[in-house]
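Below, each chain spelled out in residue letters.
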Amino acid sequence: MNYFLRCMMQNVAACFVVEVMCNFAIGGKIEDLSATVIETELRKQGIIPDVIGEKDSPNHVIKIAYTYPHSNLEDARVVNFGNTLKPSHLYEYPKQIEWPGYSEKYYSLMMVDVDAPSRLNPSQREKIHWLIVNIPGPKVVYDKDILFNYIGPRPTQGTGFHRYVFLVYEQPRGKMTFIEPRLYTNLLDVRRDNFSCSNFAKNYNFSRPVAVNFFFSRIL
């Protein structure tokens, strides 16, 4: 594919992202989105089927804030179901994450880059940025069982917008033992490449994800 065609495709993707921001980043509460709207947008953005199976759309949205509630509104960094966030603002993990669920249940949370190293050549899809398991109740507790430590978005310069997706699954057998190695290394560790949320869920007999959220990020 020549350079001119690549640029055209990236410009189209950029325009599409702007359209999504207008739809969801202005007004309304994402936690009020219906299951139908959630599925429609996930399909529109290709997250179904790139990450989530055709029949596995979640019914809820994860509330994710990288800043604390008392933060200045101008500095607010909230994942808003398809908004755009700067990689430089996301070096540290989100300060607040919660979703509809039950205090007696255990959950797994994961974050992946769907478009690594680029949307046009996603040969590393899904690159895993974060994986926490055995979360007691519908809210992240950060000193719990981390399989992959958090690494913020680091899209390669000039590769356009990347989709970063968060998913939460309920663990069907309560607190569980996971055989994956703990990875506290940097994002270049090849063991972070080609992770599959769906395969991970299938390996541990999870049902479809409980909740989802996503944002776009790029470096010009």
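How each quantity is defined
Residues numbered from 1 in each chain as written. Predicted model: local features only at pLDDT ≥ 70, side-chain atom pairs only at ≥ 80, totals over all residues. Heavy atoms only, no water. Helix = DSSP H or I, 4+ residues; strand = E, 2+ residues; numbered from the N terminus. Buried < 20%, exposed > 50% of the residue type's maximum accessible area, 1.4 Å probe, protein only. Pairing = 2+ DSSP bridges. Salt bridge = Lys/Arg side-chain N within 4 Å of Asp/Glu carboxyl O. Phe/Tyr/Trp six-rings, centres within 6.5 Å; stacked < 30°, edge-to-face > 60°. Core = buried A, V, L, I, M, F, W, Y, C linked by side-chain atoms within 4.5 Å. Contact = heavy atoms within 4.5 Å. Arc of directions from axis to C-beta.

Student: Give me the environment of Arg191: which residues, what numbers.
Tutor: Its place among the elements puts Arg191 in the loop between β9 (162-170) and α4 (197-203). By relative accessible area, Arg191 is classed as partly exposed at 48%.

Student: Tell me about the pairing of β9, and please be specific about residues and values.
Tutor: By the criterion of burial, β9 is predominantly enclosed, with 8 of the 9 residues buried. One ladder, built from 7 bridges, connects strand β6 (residues 106-113) with β9; its direction is antiparallel. Paired with Val112 across the strands is Val165, a residue of β9. Pairing analysis gives 7 bridges linking β9 to strand β10 (residues 211-217), with the strands arranged antiparallel. When the bridges of β10 are listed, Arg163 appears paired with Phe216.

Student: Can you lay out the pattern of salt bridges for me, pointing to particular residues and giving the numbers?
Tutor: Evaluated as defined, the whole model comprises 13 salt bridges. Across the pair Arg119 and Asp115 runs a salt bridge, and its minimum N-O distance is 3.7 Å. Residue Arg119 is classed as partly exposed on the basis of its relative accessible area of 33%.

Student: An account of the pairing of β10 is requested, with residue identities and associated values reported.
Tutor: For β10, a buried count of 7 out of 7 residues is recorded, marking the element as mostly surrounded by other parts of the structure. Neither face of β10 is exposed, since Ala211, Asn213, Phe215 and Ser217 on one face and Val212, Phe214 and Phe216 on the opposite face are all buried. Pairing between strand β1 (residues 60-61) and β10: 2 bridges, direction parallel. Each bridged residue has a counterpart across the sheet, and for Val61 the counterpart in β10 is Val212. The sheet contact formed by strand β4 (residues 83-84) and β10 spans 2 bridges and is parallel. In the sheet register, Thr84 faces β10, and the bridge partner there is Phe216.

Student: How would you explain the sheet that holds strand β5 (residues 96-98) if you had to name every residue and give the values?
Tutor: Spatially, 3 strands are ordered β3-β2-β5 in an open sheet, and the strand pairing comes out antiparallel. Of all strands in the sheet, those with a lone pairing partner are β3 (78-79) and β5, marking the two edges. Note: strand β2 (residues 63-65) against β5, 3 bridges, orientation antiparallel. Across the sheet, the residue bridging to Lys63 is Glu98, located in β5.

Student: Which residues make up the packing of aromatic side chains, and what are the values?
Tutor: Describing an aromatic ring pair means giving the distance of the ring centres and the angle of the ring planes. A complete count under the given rule lists 17 aromatic pairs for this structure. Note on Tyr93 and Trp130: the rings are 6.2 Å apart at their centroids and 20 degrees apart in plane angle, and the pair reads as stacked. Taken as a pair, Tyr93 in the loop between β4 and β5 and Trp130 in strand β7 (residues 127-136) lie far apart in primary sequence, 37 residues in all. Judged by its relative accessible area of 37%, Tyr93 falls in the partly exposed class.

Student: How would you summarise the nonpolar core if you had to cite specific residues and measurements?
Tutor: If you look at the biggest cluster of nonpolar residues, it comprises 34 residues, and the most contacted ones within it are Leu42, Phe81, Met110, Leu131, Leu167 and Phe200. Not counting the four nearest positions on each side in its chain, Met110 is found in contact with Ile128, Trp130, Leu131, Val165, Phe166, Leu167, Tyr169, Phe195, Cys197 and Phe200.

Student: Just give me the short version of the side chain of Ser57, but keep the residues and values in it.
Tutor: Tracing the backbone shows Ser57 in the loop between α3 (47-50) and β1. Among residues more than four places away in sequence, those in contact with Ser57 are Ile38, Glu39, Leu42, Ile48, Ile52 and Arg208.

Student: Requested: an account of helix α2 (residues 35-44), with residues and values cited.
Tutor: Of all the residues in α2, the buried ones are Ile38, Glu41 and Leu42. In a view along the axis of α2, the buried residues occupy a sector of 100 degrees, so they form one face of it. Gly46, located one to two residues past α2, shows a positive phi value of around 75 degrees.

Student: Could you give an account of unusual backbone geometry, naming the residues involved and the relevant values?
Tutor: Cis peptide bonds are those with omega within 30 degrees of zero, and the linkage from Ile48 to Pro49 qualifies with 15 degrees. Examined against the element boundaries, Pro49 turns out to sit in helix α3. In this chain, Ala116 is followed by Pro117 through a cis amide linkage whose omega measures -5 degrees. Even without glycine at this site, Phe81 takes up a positive phi of about 55 degrees. Structurally, the position occupied by Phe81 is in the loop between β3 and β4. Relative accessible area serves as the criterion here: at 0%, Phe81 is assigned to the buried category. Of note, Asn194 is a non-glycine position whose phi angle comes to about 60 degrees, a positive value. Relative to the assigned elements, Asn194 resides in the loop between β9 and α4. Look at Asn194 and you get partly exposed, because its relative accessible area is 48%.

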